[in-house]
Amino acid sequence: METRDGLPGVSLVPTDSKAPQEKMSAQDGCLSLIKYLLFVFNLFFFVFGSLIFCFGIWILIDKTSFVSFVGLSFMPLQIWSKALAISGILTMGLALLGCVGALKEFRCLLGLYFGTLLLLFATQITLGILISTQWVQLERKVKDVVQKTIQNYRAHPEETAAEESWDYVQFQLRCCGWNSPQDWFHIPSLKRNESEVPHVPCSCYNSSATNDSAIFDKISFPQFSRLGSSAPPRHNADICVVPANSYIYREGCEWNLQKWLRNNLISIVGICLGVGLLELSFMALSIFLCRNLDHIYDRLARYR
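For clarity, every value in this text was computed on a predicted model and none was experimentally measured.

Cut-offs and rules
Residues numbered from 1 in each chain as written. Predicted model: local features only at pLDDT ≥ 70, side-chain atom pairs only at ≥ 80, totals over all residues. Heavy atoms only, no water. Helix = DSSP H or I, 4+ residues; strand = E, 2+ residues; numbered from the N terminus. Core = buried A, V, L, I, M, F, W, Y, C linked by side-chain atoms within 4.5 Å. Buried < 20%, exposed > 50% of the residue type's maximum accessible area, 1.4 Å probe, protein only. Contact = heavy atoms within 4.5 Å. Salt bridge = Lys/Arg side-chain N within 4 Å of Asp/Glu carboxyl O. Axes fitted to C-alpha atoms, helices over the stretch in contact; angles between N-to-C directions. Parallel < 35°, antiparallel > 145°, perpendicular 65-115°, else oblique. Nonpolar A, V, L, I, M, F, W, Y, C, P; charged D, E, K, R; others polar. Disulfide = S-S within 2.5 Å. UniProt positions renumbered as here; feature names shortened; annotations may be inferred. Phe/Tyr/Trp six-rings, centres within 6.5 Å; stacked < 30°, edge-to-face > 60°. Lys NZ or Arg CZ within 6 Å of the ring centre and 35° of its normal. Patch = residues over 30% accessible without salt bridge, like charges linked within 9 Å, V, L, I, M, F, W, Y side chains within 5 Å. Areas by Shrake-Rupley, 256 points an atom, 1.4 Å probe, with all protein chains shown as cover.

In this section: the overall build of the chain. Within the chain, the secondary structure is distributed over nine helices and two strands. Reading the chain from its N terminus to its C terminus gives the helix and strand order α-α-α-α-α-α-β-α-β-α-α.

Counting 22 residues, the largest nonpolar core has Trp166, Trp184, Leu190 and Val200 as the members making the most contacts within it. Listed by contribution, the elements that provide at least two residues to this core are α5 (135-151) and β2 (241-243). When near neighbours in sequence (up to four residues on either side) are disregarded, leucine 190 contacts Tyr153, Trp184, His199, Val200, Pro201, Ile239 and Val241. Core analysis: the second largest hydrophobic core is formed by 16 residues, Ile34, Leu38, Leu94 and Leu285 among them.

Scanning the model with the defined rule gives three salt bridges in all. A salt bridge links glutamate 105 to lysine 35; the shortest N-O distance between them is 3.0 Å. Here glutamate 105, found in the loop between α3 (77-104) and α4 (107-133), pairs with lysine 35, found in helix α1 (residues 18-61); they are 70 residues apart in sequence, far enough to count as distant. Lysine 35 sits in the buried class, given a relative accessible area of 10%. The closest approach of N and O atoms between aspartate 167 and arginine 154, which form a salt bridge, is 3.5 Å. Taken together, the positions of aspartate 167 in helix α6 (residues 161-173) and arginine 154 in the loop between α5 and α6 put the pair 13 residues apart, joining distant regions of the chain.

Packed helices, taken two at a time, are described by the angle between their axes plus the distance between the axes. Two elements in contact, α4 and α5, have axes separated by 5 Å at closest approach and are oriented at 80 degrees. The angle between the axes of α4 and α5 places the two elements in the roughly perpendicular class. Contacts between α4 and α5 involve Leu130, Ile131, Ser132 and Thr133 on the former and, on the latter, Trp135, Gln137 and Leu138. Along the lines of polarity and charge, the residues of the contact of α4 with α5 split into four nonpolar, three polar and no charged.

Looking now at the state of the cysteines. Summed over all chains, the structure comprises two disulfides. In this model cysteine 175 forms its disulfide with cysteine 253; the gap between the sulfur atoms is 1.9 Å. Looking along the S-S bond of the cysteine 175-cysteine 253 disulfide, the torsion reads about 90 degrees, which is the right-handed sense. Within this pair, whereas cysteine 175 is found in the loop between α6 and β1 (199-201), its partner cysteine 253 is found in helix α8 (residues 253-263), the two being separated by 78 residues in sequence. For the residue pair cysteine 175 and cysteine 253, the accessibility class agrees, reading buried in each case. Summary of cysteine pairing: cysteine 290 is not part of a disulfide, and the nearest cysteine sulfur, belonging to cysteine 108, is at 8.8 Å. The exposure class of cysteine 290 is buried, given its relative accessible area of 10%.

This part takes up the UniProt feature "transmembrane region" (unreviewed entry) in the chain. Per the UniProt entry, the sites bearing "transmembrane region" (unreviewed entry) are residues 33-59, 79-103, 110-131 and 265-290 in this numbering. Within residues 110-131, the helical portion is 100% and the strand portion 0%, while the C-alpha atoms at the span's ends are 32 Å from each other. The span residues 265-290 shows a helical share of 100% and a strand share of 0%, and its end C-alpha atoms are spaced 37 Å apart.

Another point: the packing of α5 against α6. Here α5 crosses α6 at 105 degrees, and the two axes come no closer than 10 Å. Relative to α6, α5 is oriented roughly perpendicular. In this structure, α5 uses Val146, Thr149 and Ile150 to contact α6, whose residues at the interface are Ala162, Glu163 and Trp166. Of the residues in the contact of α5 with α6, the class split is four nonpolar, one polar and one charged.

For the structure on display, the rule yields six aromatic pairs. Where phenylalanine 44 meets phenylalanine 45, the ring centres are 5.4 Å apart and the plane angle is 80 degrees; that geometry is what we call edge-to-face. Relative accessible area serves as the criterion here: at 54%, phenylalanine 44 is assigned to the exposed category. For phenylalanine 45, a relative accessible area of 23% corresponds to the partly exposed category. Members of the aromatic cluster, each reached through a chain of ring pairs, are Phe41, Phe44, Phe45 and Phe282. Lying across the ring of tyrosine 153, arginine 154 places its NZ or CZ 5.0 Å from the centre.

Residues Leu127, Leu130, Ile131, Trp135, Val136, Leu138, Val142, Trp260, Leu261 and Ile268 make up a contiguous nonpolar surface patch of roughly 850 Å² in combined accessible area. Elements represented by at least two residues in the nonpolar patch include exactly α4, α5 and α8. Per element, the largest residue contribution to the nonpolar patch is four residues, and it comes from α5. If you trace the backbone, isoleucine 131 turns up in helix α4. A relative accessible area of 41% means that isoleucine 131 is categorised as partly exposed.

Rendered as structure tokens:
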């Protein structure tokens, strides 16, 4: 090849196409990495959702085995089992959208996956703002619900989910009543004709305050052993109660709940931030993959 002076030289026009091909290969590799990252992460959450769903179904079908496994003798299992099953189904559905959309490179599924995550993220932000700005009203509402539950304690033996939940809260937080044990003193279902001493539910009993095992053996928690709606309803005479002047928790649950929230505030905020960042990461990966599919494939076809 000659130059303008007729002498041999190097042409000024590049004839090598390796540079755009290498650039194209790097972009293609980055896209593949994002695709498989999105697939693997969603596959993990699909398995996690499957485990949650199976766990909820296990509680719903075989409550006796579950109770013996976790060592609990009371809890509103019907509510928790349905909540776990529904959460598992939703997690599996969302993860399936991400897996199939990323692996098969379907823009419609990726767009639906992004939109669902965006809606979920916006809902969480809205709930966080409402809880922080309406905290006083929320606390008052919780107080009203708890006091109503206490007033109607065992008044309707066939509807005891809320009461069992409150028994569980008292047992776990080591408290009695909302303000104090006196909240239970005038409940009709807890009164005993043969005694003028007020009584409280057995979930108020402080077993660690005494070494008298004979007293503890008398407390059999009969209403807590009901494991499902098929069990026969309990009558007032079968309600497990203890005298208010015995070994019971003296603090109300309002203070214990506030203390629990203060002690676990950092963990709660950390979990919420972690979930939010995870959702934002998945949204960024999915929208990047969705927007670059056609563009990358057009350039691949042009250089072939």
